[in-house]
Amino acid sequence: MRVGTFFVRVWRFSSVVGLVIALLNSYISYPGEVAVLFNSAGQATHYLDRETLFYASVAIFLVNNILINSIARLIPKLPMSQIPVPPVWANHRDELNEILINWFHALMASVNTILGLSLMVLSFLNRSDFRVDQYTYGWLLPLSVFMLGAVIIALPVRLLFMKPSSTNEFI
């Protein structure tokens, strides 16, 4: 197993575990009405029902994991002519399959991580003993954009600018 594959597997597993913990923690710790939008003074301006937020998060989790995992499982079954990659990859189908499957799993893990961190920040913001300011949650959007951007850009960079390995190290 390659280092990249190991990293993606660990990230995907830990993102699922972290999101499940964040979902359970958020459902337990949220008040009946969860503040989801705040004005510049830090006062809540929009609320959602706790159950609505919980079930919407569960739905996002299930759709993300089932849909992306289903797509990733179809990659090895696609004919090489249907995959838009440079011709240099034609003789390295096993490595190409691993790269594409890892990319889909990394995309799944990034969505899980962002959702889990969002639920955690929302939990912090709805605590009565917590002071709300821009530093409390201001890191979430740049981190989310960086994470998704890095995952999305990684596939074209890997396929266009890096060549397949000369040895077949796949088992």
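Residues numbered from 1 in each chain as written. Predicted model: local features only at pLDDT ≥ 70, side-chain atom pairs only at ≥ 80, totals over all residues. Heavy atoms only, no water.

Draft legend 1. Expanded view of helix H2 (residues 50-74). The end-to-end C-alpha distance of H2, which contains 25 residues, comes to 36 Å, matching closely the 36 Å that a straight helix rising 1.5 Å per residue would cover. Listed as buried for H2 are Leu-53, Phe-54, Ser-57, Phe-61, Asn-64, Asn-65, Ile-68 and Ala-72. Turning to H2, the residues buried within the fold contact helix H1 (3-29), strand E1 (33-38), strand E2 (44-49) and helix H3 (93-125). (Helix = DSSP H or I, 4+ residues; strand = E, 2+ residues; numbered from the N terminus. Expected span 1.5 Å × (residues − 1). Buried < 20%, exposed > 50% of the residue type's maximum accessible area, 1.4 Å probe, protein only. Contact = heavy atoms within 4.5 Å.)

Draft legend 2. How the structure looks around the side chain of Thr-5. As for its placement among the helices and strands, Thr-5 is situated in helix H1. The class of Thr-5 is buried, set by a relative accessible area of 6%. Thr-5 has contacts with Glu-98 and Asn-102, leaving out every residue within four places of it along the chain.

Draft legend 3. Focus on H3. For H3, which comprises 33 residues, the first-to-last C-alpha distance of 48 Å matches the rise-based estimate of 48 Å (1.5 Å per residue) to within 8%. Counting buried residues in H3 gives 26 out of 33 residues, a clear majority hidden from the surface.

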